[in-house]
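# Residue-level structural notes
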Protein chains: 2
Amino acid sequence: MPAEVKVKSTRQRILDTAAAWFRNKGLAFTSMADLAESIGVKTSSIYYHFESKDALIEETFRIGIELVHAKVRDAVEALGENATHQERLTAAIKAHVNALLGENDYSPANIMNFSHATPEVRAKNNEVRASYGRYWASLLKAAQRDGVIAADVDLSITRLLLIGAMNWIPEWYESGRKSPEAIAECLSRMVHGLAPSAPEKAG
Amino acid sequence: MPAEVKVKSTRQRILDTAAAWFRNKGLAFTSMADLAESIGVKTSSIYYHFESKDALIEETFRIGIELVHAKVRDAVEALGENATHQERLTAAIKAHVNALLGENDYSPANIMNFSHATPEVRAKNNEVRASYGRYWASLLKAAQRDGVIAADVDLSITRLLLIGAMNWIPEWYESGRKSPEAIAECLSRMVHGLAPSAPEKAG
DNA sequence: GTCTATAGATAGATAGAC
DNA sequence: GTCTATCTATCTATAGAC
């Protein structure tokens, strides 16, 4: 294989461009003509690679979840066996936040548009999303078993609130103001508040 | 005024119906024809009351924020002067969560669709949203001044993460599974974890 | 694998009668 | 204040040449 001049396939350029448009404009405000023009082909060419707009959306969605799942898993595993469960949670939070705010368009494209996709597209994305959810559930369960999270805390609600706080970040984040690291740290500290030694809730 | 037979004006029925459709289907999947048919009028009639679809969206958005702002403020003020700042935060969280999960369609319609509206619509909604944001900022600032939140916690990030965790709830909430109260309590407990006495974050 | 050309559907919006 | 009728624009998707 030639080391230089790696030309991306048209299919890959369609996916990359679609992810960027979906992230920045949303599904409805992204037309097949927009994508074609960005790439420098005609609309009909896209239909050689994807049978429909929904099929294209579905594929970008799948990639988006798989990317963030892989980054989070890698970040946690990079800590090694001796890391505390609080450290593992913090690493997972940082990785997820960075995936949503970084240069990869696929993950934010998924998170920001999933609820506005058709039921068919959502259904086909369900398994890969559920798999990622189970990974977080396992992290939280291990933390609770280890005493990092109090025994009476509802892990299901905790997980959904935690991921929700992160998934909402793209709605308000402006690059240059708050760093992804500071955001992740603040959230990690909130989760740490669920520890058994934390003050009981008032009222 | 007659006590019974209060017939809602067409304008009000358009707004109510639009809020419900925007909440359940999203902006792009709600056509003016859908709304007209739901109400029992013709599409053109809507244009007598609203000059465009965007104008209709903008009005439902404004109502949605004003409603949740009023409910949160009322819930906090109902506590009286002697309530602790933790109690005030908990009451605010409960009120916001209930507004997003309750029968009022306007607030969830706004929250779930704001980022998919046109820049013009978003801009016109900015002031009322900023006002609501300032209210939360004042709640958190008072809590920090009172020692309920540690002095080194970034209140701006905290506010955005907290509201984000709540605003994401409609994405995963299924009525009948977890109660709004249990969700609000879990989140309140997380915020309580930001207290000075809470364990310091790990590594 | 990409093109030209176009079908077919639906959307937001307007004109003018009543 | 609501109607009928229609305009115009845009979008997804397809047929067939190259």
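In this text, all values refer to a predicted model and were calculated from it rather than measured experimentally. (Residues numbered from 1 in each chain as written. Chains lettered and ligands numbered in written order. Predicted model: local features only at pLDDT ≥ 70, side-chain atom pairs only at ≥ 80, totals over all residues. Heavy atoms only, no water.)

Attention now goes to the overall build of chain A. Scanning chain A from N- to C-terminus turns up ten helices and zero strands. Looking at chain A as a whole, 49% of its 203 residues qualify as buried. In chain A, the proportion of contacts linking residues at least 24 apart, taken out of those at least 6 apart, comes to 69%. Counting every atom, chain A has about 9,700 Å² of accessible surface; 49% of that belongs to carbon and sulfur. Where the 24 positive side-chain charges of chain A centre and where its 25 negative ones centre are 1 Å apart. (Helix = DSSP H or I, 4+ residues; strand = E, 2+ residues; numbered from the N terminus. Buried < 20%, exposed > 50% of the residue type's maximum accessible area, 1.4 Å probe, protein only. Contact = heavy atoms within 4.5 Å. Areas by Shrake-Rupley, 256 points an atom, 1.4 Å probe, with all protein chains shown as cover. Lys, Arg positive; Asp, Glu negative; His and termini not counted. Charge placed at Lys NZ, Arg CZ, Asp CG, Glu CD.)

What follows is about empty space enclosed by the protein. All chains considered together, the criterion is met by one cavity of 30 Å³ or more. Its volume calculated, the largest cavity comes out at about 80 Å³. For the largest cavity, the lining is made up of 14 residues, of which A:M112, A:E171, B:M112, B:S115 and B:E171 are closest to its centre. Secondary-structure elements contributing two or more residues to the lining of the largest cavity are α6 (106-113) of chain A together with α6 (106-113) of chain B. (1 Å grid on protein atoms, 1.4 Å probe; cavity = no way out; pocket = protein on both sides within 12 Å on 5 of 7 lines; lining within 4 Å. Points joined across faces, edges and corners; volume = space filled by probe spheres on them.)

The next thing to look at is the protein's contact with DNA strand D. The local shell around DNA strand D holds 14 residues, among which A:K53, B:T10, B:K42, B:S45 and B:Y48 are the closest. Counting only atoms of DNA strand D within 4 Å of the protein, the fraction found in sugar and phosphate groups is 62%. Between DNA strand D and A:K53, the relevant distance is 2.8 Å, taken from a phosphate oxygen to a main-chain nitrogen or oxygen of the residue. A distance of 2.8 Å separates a base oxygen of DNA strand D from a polar side-chain atom of B:S44. Elements that contribute at least two residues to the surface near DNA strand D include exactly α3 (43-49) of chain A together with α3 (43-49) of chain B. For the surface near DNA strand D, the element with the most residues is α3(B), which contributes four residues. (Near = heavy atom within 4 Å. Polar contact = N/O pair within 3.5 Å; in protein donor to acceptor, adjacent residues only side chain to side chain.)

Moving on, we get to the interface of chain B and chain A. Taken together, the contact between chain B and chain A spans 50 residues of the former and 50 residues of the latter. Interface of chain B and chain A: buried area, both sides summed, is about 4,400 Å²; carbon and sulfur atoms make up 69% of it. Area buried by chain B at its contact with chain A is led by B:W168, B:R189 and B:M190, which between them contribute 19% of it. Between chain B and chain A we count four salt bridges in total. Note that A:R189 is salt-bridged to B:D152, the shortest N-O span being 2.8 Å. The tally of links from chain B across to chain A stands at ten residue pairs in polar contact (both at pLDDT 80 or more). The greatest single-element share of the side of chain B that touches chain A, amounting to nine residues, is contributed by helix α10 (residues 180-192) of chain B. Residue classes in the side of chain B that touches chain A are distributed as 25 nonpolar, 16 polar and nine charged. (Buried area = accessible area lost by both parts, 1.4 Å probe. Salt bridge = Lys/Arg side-chain N within 4 Å of Asp/Glu carboxyl O. Nonpolar A, V, L, I, M, F, W, Y, C, P; charged D, E, K, R; others polar.)

Take the packing of helix α4 (residues 53-77) of chain B against helix α5 (residues 85-101) of chain B next. Residues and elements named next belong to chain B. Where α4 contacts α5, the two axes come as close as 8 Å, and the packing angle between them is 150°. In the crossing of α4 with α5, the sense of the turn from one axis to the other is right-handed. Across the interface between the two elements, V68, K71, V72, A75 and V76 from α4 touch R88, A91, A92, A95, H96 and A99 from α5. Residues belonging to the contact of α4 with α5 are distributed by class as follows: eight nonpolar, one polar and two charged. (Axes fitted to C-alpha atoms, helices over the stretch in contact; angles between N-to-C directions. Left-handed = near helix turned anticlockwise from the far one by under 90°.)

All right, on to the environment of A:F22 then. Residues and elements named next belong to chain A. Inspection of the secondary structure assignment puts F22 in helix α1 (residues 10-25). According to the relative accessible area criterion, F22 is buried, its value standing at 1%. Once the C-alpha coordinates of F22 and A109 are considered, the two residues, 87 residues apart in sequence, prove to be 5.3 Å apart. Those residues within four positions of F22 in sequence are excluded, and the remaining contacts are L27, T30, I57, T60, A109 and N113.

Right, let's get into the nonpolar core. A:W136 and B:W136 are the most contacted members of the largest nonpolar core, which has 83 residues in total. Residue contacts for A:W136: discarding those within four places in its chain leaves A:V72, A:L89, A:A92, A:I93, A:H96, A:R159, A:L162, A:I163 and A:M166. (Core = buried A, V, L, I, M, F, W, Y, C linked by side-chain atoms within 4.5 Å.)

Proximity of charged atoms lets side chains of opposite charge pair with each other. Applying the stated rule across the entire model yields 18 salt bridges over all chains. Residue A:E127 is joined to A:R134 by a salt bridge in which the shortest nitrogen-to-oxygen separation is 3.1 Å. Where B:D105 meets B:R23, a salt bridge forms, and the shortest distance between an N and an O atom there is 2.8 Å. With B:D105 in the loop between α5 and α6 and B:R23 in helix α1 (residues 10-25), this pair connects stretches of sequence that are 82 residues apart. B:R23 shares its class with B:D105; the two are buried.

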